[in-house]
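Here are the chains, one letter per residue:
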Amino acid sequence: MYNINKINEEIKENKEKCISILDMINEKCPNGVEYCCLKDVLQYEQPTKYIVKNTKYNDEYKTPVLTAGQSFILGYTNETEGIYKSSKNNPCIIFDDFTTSFHWVEFDFKVKSSAMKILTPINDKVCFKYIFYAMQCIYFVPLTHTRHWISKYSELKIPLPPMEIQQKIVKILDQFEELEKELEKELEKELEKKLEKELKIRIDQYEYYRNLLLNFKNIYENDKLVPLPVEFYENLKTQNRSIKQNSSEKEDEIISFNFSEDVLKGKKQFKVELPPK
């Protein structure tokens, strides 16, 4: 079982790793980290040919039937045709076109409906798992029941540092995910309040470092982009880069690349003005 002291040690260790990565960003990106639209790094496939025909699921069957919503796995089917082939070497993201929720998938599956997109990288010039983590930092509130990937979501921009930095960020966040899974397994076995508290700390810790590592706020001076000062990194966790876009409908949709102040101390959020273009 994990204890608080061990978690604190891991926080300290990962903080040092984060500082190392931030120093590397400052060195390799003296003019700031570039941003790109999701449509420039991800391609999509319609899931029509992977839709399950019979919804009488059984846990004894082999192939999972997925939804991009919160439930994720709806059940298992014995159908053998129309299966999407996915693996650790060939992963994908399933994206709910209406709610914009999404999941990382590394196993074969079928889907419940066509209300999703299957996303994969356009090429190997980006780290796919990094794109997934960056998408988790996007805060998008769909206020209308319409499809969003093509018209809006794919137009959103994410920071895209050099490949070496992407891979280092992914390595740290993957470690946090593995530790979360270990705690979840222990929680299922023991169901202790103390372990629940540790799991919550682990999840908050993961979210904090994900947001910290993916915050590439640029600084502008006299309308010119200048390198980030070392002092900026001390306050990285308090930054919240926000964007508000008008939808084509009458209502607005709120979009932001979201970062929190120390989530272990209350999750207070702050917004800063975007620099001039």
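Everything quoted here is computed from the prediction, not taken from an experiment. (Residues numbered from 1 in each chain as written. Predicted model: local features only at pLDDT ≥ 70, side-chain atom pairs only at ≥ 80, totals over all residues. Heavy atoms only, no water.)

Caption draft 1: Local environment of the overall build of the protein. Helix and strand counts for the protein come out as five helices and 14 strands. Within the span of the protein, comprising 277 residues, buried residues form 45% of the whole. Looking at the protein as shown, the accessible area adds up to about 15,800 Å², and 48% of this sits on carbon and sulfur atoms. (Helix = DSSP H or I, 4+ residues; strand = E, 2+ residues; numbered from the N terminus. Buried < 20%, exposed > 50% of the residue type's maximum accessible area, 1.4 Å probe, protein only. Areas by Shrake-Rupley, 256 points an atom, 1.4 Å probe, with all protein chains shown as cover.)

Caption draft 2: Fine view of the sheet that holds strand β6 (residues 102-105). Spatially, four strands are ordered β2-β8-β5-β6 in an open sheet, and the strand pairing comes out antiparallel. Edge positions in the open sheet fall to β2 (42-45) and β6, since each of these has one partner strand only. Neighbour-to-neighbour, the strand axes of this sheet turn through a mean angle of 30°, independent of strand direction. Here four bridges tie strand β5 (residues 92-96) to strand β8 (residues 116-121), and the two strands are oriented antiparallel to one another. Each bridged residue has a counterpart across the sheet, and for Ile-93 the counterpart in β8 is Leu-119. (Pairing = 2+ DSSP bridges. Axes fitted to C-alpha atoms, helices over the stretch in contact; angles between N-to-C directions.)

Caption draft 3: The arrangement of helix α2 (residues 128-135) in detail. Of all eight residues in α2, eight are buried; the element is thus mostly enclosed. Those residues of α2 not exposed but buried are Phe-128, Lys-129, Tyr-130, Ile-131, Phe-132, Tyr-133, Ala-134 and Met-135.

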